[in-house]
Amino acid sequence: MYSSAFAQSAERATQTLPKHHTRTTKAAKVAKPVSVAAPVAPVAAVPMAPSSSRNASVLANAASATIPEAEPENVIVTGTLFHDPNASSAAPIEELTSRDMQRRGIKTVTDALQQLSSNGSGNLTNAFGANGAFATGASAPSLHGLTTDSTLVLMDGQRLSYYPLADDGERDFVDTNWMPQSIMERIDVKEDGGSATYGADAVGGVINFITRKEIKGFEGNAEGGLSQRGIAGHQRLYATYGHGDLARDGYNFYINAEYQQDDAVYNRDLGYPYNTSDLTGIGGSNWIYNGANPNASYGSPQAIVAPVNSSGQVVGSYQLLNPSASCGKYGSASSGTLGASTNYIGSGSAFSGCSIDTTKAYAQTSPSIQRINATAHFTANVTPRSQFTAMFTYSQTTTTAPGSLGGVPALLQAQTQAKLANTNNLLIPALLPNGQLNPNDPFAAQGQAASMYYMFGDLVPTTVAYSQNFRGSMRYNGTAASNWGSDWNYDFNFVGMNSMLAQTYTGFPTIDGIENAVANGTYNFVDPSKNSQAVLNSIAPKNVVHDRTQEYSYEMTGSKGLFRLPGGMVNVAIGGNIRWESLYAPNGNPVNLADPGAQYFSINPVSAQGSRWVESGFWELGLPFHKMLKADLAGRYDNYSTSTGTGYGHYTPQANLVFKPVDQFALRGTFSRGFRVPSFSETGGQTVGYINNNITNPAWLAEHNNDAYTKTYSVGLNSVGNPNLKPEIATNFSGGAVIKPLPWITLSADYYYIKKSNYITGNPYGQNATLISNDYVSGQPLPPGITVTPDAVDAANPSAMPRPGLINYGFINTPWMRTDGVQLGFTASHRLPGVLHEVNWYSKGEMTYVRRFSIGIPGGEVQEFAGTIGPYNTTSASGTPRWKANWANTFMWRKLAVTPTVYYTSGYKTIAADAGATSCGLLTGAAQIPSTQCHVKNYWDVDLTVNYQISPRWSVYANVYNLLGFRAPYDYATYGSYLYNSSWSQKGIIYRSFQFGVNVKL
């Protein structure tokens, strides 16, 4: 967050770039506006503005530079209904211009948001898609760590439709992957509540993407890159053509197309320990299937078999079904003793076969993502005082990622997702239905069935998420003359958006499919390469699920200056909005109680649907009491009518104050009472997700003889919607200072406080899997609203009590959640002294400190998460680091510009109160990961961008990411990624990567 007033006044003085807003303001006709510069390398000789951030608008009136006046212009001012871009902002607003992003090597709006210092716990990264995320194919920020549902994302001040899949099956959010970066003028990030202006969801903050109003001529870009390991391939192209000059011709029309491909990165392409399931080198265990650890005896793509007598007992040892078969690229010959895995009747038997390193063979750290966008934009001056704008964007994003369980193929012994049917004791019959000997049973001639350990290596679970977005908007705005006060300003706008998602699941078998293939002998276990696609499809039919969200919104606003006070004109604004939004997300893996085996293995059954009308009225009053004291009051009422008959209504008040006793110093503060309505998933959806679970009850462990059944396993958390939920009510406060000690330096410091009442979450007792599991196996009563569905029995100890398979709970309103902290900002722009006087320096930095992050749960308990890996279950174990910062410095000399950018994220403890882990060593992301870690180290990253302006039309650039080769710190407790935390250190897992490109403007 930065101080914007100094930045804005100086930027207009030096660059005279036009501003672009949803509403219009009248200015004297003196100088024609200059079109927005293309996002290409800056020319070093041009003096730089001190800052492009609008926080310093608090001190804008102190600037002494003469600002040239301009034609009437449309200016988007985030966080207010007024049209004046020079108005004082009491809220901290971070502004990222297209030039800022280009200098720092940021190629997508998604990357820009993920690197914000205020983007905290619960953010959704693309890397999560490689690890079984519910919302594969999407990305979203989480301002102040309030998760994705409390950050409102807009484009040109207008709402956008939600992604069709909820984050963790609970939280509605706007996906940022589809947005075209090359037509963005800037990104405004209001790091404070915005419900009084924009309505629900703007609790943690508001992100407003501002598109370019006018483009003339041709602009193009081509770039490509790789990492130092020759992986993480990247290609990007865009082209834009515009015609017409708004000032001269009265219109401008441009079209734009973008293409970007980011290749998947597999764990096998990385160094140790990320590339293997054998973690003995870092103090863990060897979890290579059918390797040295009997507890990892699950099977490999080369079947091993043993004869079974008439009593169903294994006699003899397991041997390869095909002795001449190769163990493959990611396996090796192995032998040992089988532990109790899902093939329980083989426990304790000797075997000789092949191992398989599933991490090396199948795991990804980031998925393949392909983005394609096309935009048409038209603006016309209808009258000298009014303007019409229309825009249409189509986008498609294709994400190809492993299925759940990290893409590890199903075993012959599998179970349905609901755990109602399984093949745990499935045997290979000696005879086929036609009476012939079964070629998959080498003991058929002796009349013996076979017990088999096998992994379907030719059925690799894969999810392809194909997202399409159709968005159209129209706006008519302008000014009308008035004989008193100031002129009238009006704005009428409409936006409609459809987001459609097709999820294609392949390689996921059904229990019926496995049983039929075994019984009929249609699957060739001897030589799986000979299985036809038809046979594979009969076991694992392709499953395509279609989801859709819609958003249609009409809004009108009007504003006017009423009279003058000593500090300026008193302004008032009023407006109204009517909006309709809907979600249709059917269950992609429903249970058929008449045939439980028809359900797929491992596909999460996420479902939710509904629609609602929203009617809103809002107002704002600007009161410049004195040139040193300005206040702003606002309010908004929203009424929700849902398809289920449930209604919500809430009034949001807001008050802002700016006190500027001297030109170099200002104090500012904001207060508001915002809200968030329950999502469709929270009121009527159902979701099953899986987390690692450990049962520690000594009596239960002894009952099972401490066998493999008692080790770390995946337990399902089955959350069910609650139609009686109340909206969350948020109290937001921010207060701070903006200081300009020198004409070329701006400093800002703000304290923020956010408290949600009626905080919506899954029943916290239901999410504490360890606590519920230990209570369940010991026969203790479970908390109200919690039930357990037992897992399959331990075949090695069938009379012992089974472990929990599913923990069932609903969403509830907990008493409160609270976070507070400090945000710091710094900008500077100056010509270096002495022999370096030809070098211009531009610096911009921000830092966020999380003081507290707490949740009050029923019964009076308070869970503290700041500086820990919690909240564990609601943030995919991304955690809440206390410190996060970035600092970019651009040095420009003639045609050369060099920008190093430093990023920092502090470490955190591996404890999480919501997971019952109040001491270290209790949380691990997988069975083989060590449980000795108490603290995850901090992470640094340095990126470097070099731009060279060959001519006014051509420029070239190079980006080096993770220049110093910092490694991602180990995180043994997270389950969102393998051994590291992708929310904070994704670049550290890739190591250095390089991109090169060329820009052209004709």
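For clarity, every value in this text was computed on a predicted model and none was experimentally measured.

> Outline the overall build of the protein chain, supporting the account with residue identities and numerical values.
For the protein chain, the count of helices and strands is twelve helices and 42 strands. In summary, the protein chain has a C-alpha radius of gyration of 30 Å against a globular reference of 30 Å for 1002 residues, a match within 12%. Seen along its three principal axes, the alpha-carbon backbone of the protein chain occupies a region of about 105 × 60 × 50 Å. Restricting the contact set of the protein chain to residue pairs at least 6 apart, pairs at least 24 apart contribute 75%. As displayed, the protein chain has an accessible area near 33900 Å², and 59% of this comes from carbon and sulfur atoms.

> Go over the pattern of salt bridges, please, and point to the residues and values.
Within this structure, the stated rule accounts for 36 salt bridges. The partner of R668 in a salt bridge is D750, and the shortest N-O contact between them spans 2.7 Å. In this pair, R668 sits in strand β27 (residues 665–676) while D750 sits in strand β31 (residues 745–762), placing the two residues 82 residues apart along the sequence. The pair formed by R668 and D750 is uniform in burial state, with each residue classed as buried.

> Outline helix α12 (residues 982–990), supporting the account with residue identities and numerical values.
Most of α12 sits out of view: seven of its nine residues are buried. Within α12, the full set of buried residues consists of S982, S983, W984, S985, G988, I989 and I990. If you check the start of α12, you find a side-chain oxygen 3.1 Å away from the backbone N of S983, and it comes from N981.

> Explain the sheet that holds strand β6 (residues 184–190) residue by residue, including any values.
Read from one edge to the other, the open sheet built from five strands follows the order β3-β6-β7-β4-β5, with strand pairing classed as mixed. With one partner strand each, in any of the chains shown, β3 (93–97) and β5 (158–159) form the two edges of the open sheet. Bridge count between strand β4 (residues 151–155) and strand β7 (residues 205–211): five bridges; the pairing is parallel. Bridging across to β7, L152 finds its partner in V206.

> I'd like to hear about the side chain of H704, residue by residue, with values.
Mapped onto the elements, H704 comes out in the loop between α9 (698–703) and β29 (713–720). The exposure class assigned to H704 is buried, which follows from its relative accessible area of 0%. Ignoring sequence-local partners within four residues, the contact set of H704 consists of Y709, T710, D794, N797, A800 and M801.

> Lay out helix α6 (residues 511–520) in plain terms, naming residues and giving numbers.
Listed as buried for α6 are I511, D512, G513, I514, A517 and V518. On its buried face, α6 is in contact with α7 (533–539). Of the residues one or two after α6, G521 is the one with positive phi, at around 70°.

> Let's hear about the state of the cysteines: which residues, and what values?
If you walk through the whole model with that rule in mind, you get two disulfides. Each sulfur in the disulfide pair C327 and C354 lies 2.0 Å from the other. Where C327 bonds to C354 through sulfur, the torsion about that S-S bond is close to -70°, and the disulfide is left-handed. Of this pair, C327 sits in the loop between β13 (319–320) and β14 (333–337) while C354 is found in strand β15 (residues 350–354), placing the two residues 27 residues apart along the sequence. Overall, the relative accessible area of 21% leaves C327 in the partly exposed class. Judged by relative accessible area, which is 1%, C354 ranks as buried. Disulfide partner of C920: C934, at an S-S distance of 1.9 Å. Here C920, found in the loop between β38 (908–909) and β39 (935–936), pairs with C934, found in the loop between β38 and β39; they are 14 residues apart in sequence, far enough to count as distant. Regarding the disulfides, the protein chain carries the connectivity 1-2, 3-4 under sequence-order numbering of its bonded cysteines.

> Can you lay out the packing of aromatic side chains for me, pointing to particular residues and giving the numbers?
Summed over all chains, the structure comprises 28 aromatic pairs. For the ring pair Y274 and Y980, a centre distance of 6.3 Å and an interplane angle of 90° mean the geometry is edge-to-face. With Y274 in the loop between β11 (265–266) and β12 (304–308) and Y980 in the loop between β41 (954–961) and α12, this residue pair connects regions lying 706 residues apart in the sequence. Here Y274 and Y980 have matching classes, each one buried.

> Any chance you could break down the confidence of the model for the protein chain for me, citing the residues and the numbers?
Low pLDDT means the predicted atomic positions in that stretch should not be read closely. Taken over all residues, the pLDDT of the protein chain has a mean of 89, while the share at 70 or more is 91%. Here residues 1–53 is modelled with pLDDT under 50, and outside its nearest four sequence neighbours on either side it reaches 235 contacts, counting other chains as well. Predicted confidence is poor over residues 60–74, with pLDDT under 50, and the contacts of this stretch with residues over four places away or in other chains come to 44 contacts.

> Explain the environment of T399 to me, and be specific about the residues and the numbers.
Inspection of the secondary structure assignment puts T399 in strand β18 (residues 386–402). Overall, the relative accessible area of 1% leaves T399 in the buried class. Residues T399 and G137, 262 residues apart in the sequence, show an inter-C-alpha distance of 5.1 Å. Apart from residues lying up to four places away in sequence, T399 is in contact with T136, G137, P367, S368, I369, T463, V464 and A465.

> Please provide a residue-by-residue account of the pairing of strand β8 (residues 217–227), values included.
In this structure, β8 lies alongside strand β9 (residues 234–243), joined through nine bridges in antiparallel fashion. Along β9, the bridge assignment pairs N221 with Y238. Here β8 hands over to β9 after six residues, with G230 in that stretch at a positive phi of 80°. By the bridge criterion, nine bridges tie β8 to strand β42 (residues 993–1001) in an arrangement that is antiparallel. Bridge pairing in β42 places A222 opposite V998.

> Explain the pairing of strand β25 (residues 629–642) residue by residue, including any values.
The sheet contact formed by strand β24 (residues 608–626) and β25 spans 13 bridges and is antiparallel. Bridge assignment links G617 to a residue of β25, and that residue is Y637. Counted along the chain from β24 to the antiparallel partner β25, the turn is two residues long. Judged from the 13 bridges that link them, β25 and strand β26 (residues 647–662) form a sheet pairing that is antiparallel. Looking at the pairing, Y640 lines up with Y648 of β26. Here β25 hands over to β26 after four residues, with G645 in that stretch at a positive phi of 95°.

Calculation notes
Residues numbered from 1 in each chain as written. Predicted model: local features only at pLDDT ≥ 70, side-chain atom pairs only at ≥ 80, totals over all residues. Heavy atoms only, no water. Helix = DSSP H or I, 4+ residues; strand = E, 2+ residues; numbered from the N terminus. Rg over C-alpha atoms; globule rule 2.2 N^0.38 Å. Contact = heavy atoms within 4.5 Å. Areas by Shrake-Rupley, 256 points an atom, 1.4 Å probe, with all protein chains shown as cover. Salt bridge = Lys/Arg side-chain N within 4 Å of Asp/Glu carboxyl O. Buried < 20%, exposed > 50% of the residue type's maximum accessible area, 1.4 Å probe, protein only. Polar contact = N/O pair within 3.5 Å; in protein donor to acceptor, adjacent residues only side chain to side chain. Pairing = 2+ DSSP bridges. Disulfide = S-S within 2.5 Å. Phe/Tyr/Trp six-rings, centres within 6.5 Å; stacked < 30°, edge-to-face > 60°. pLDDT = per-residue confidence, 0-100.

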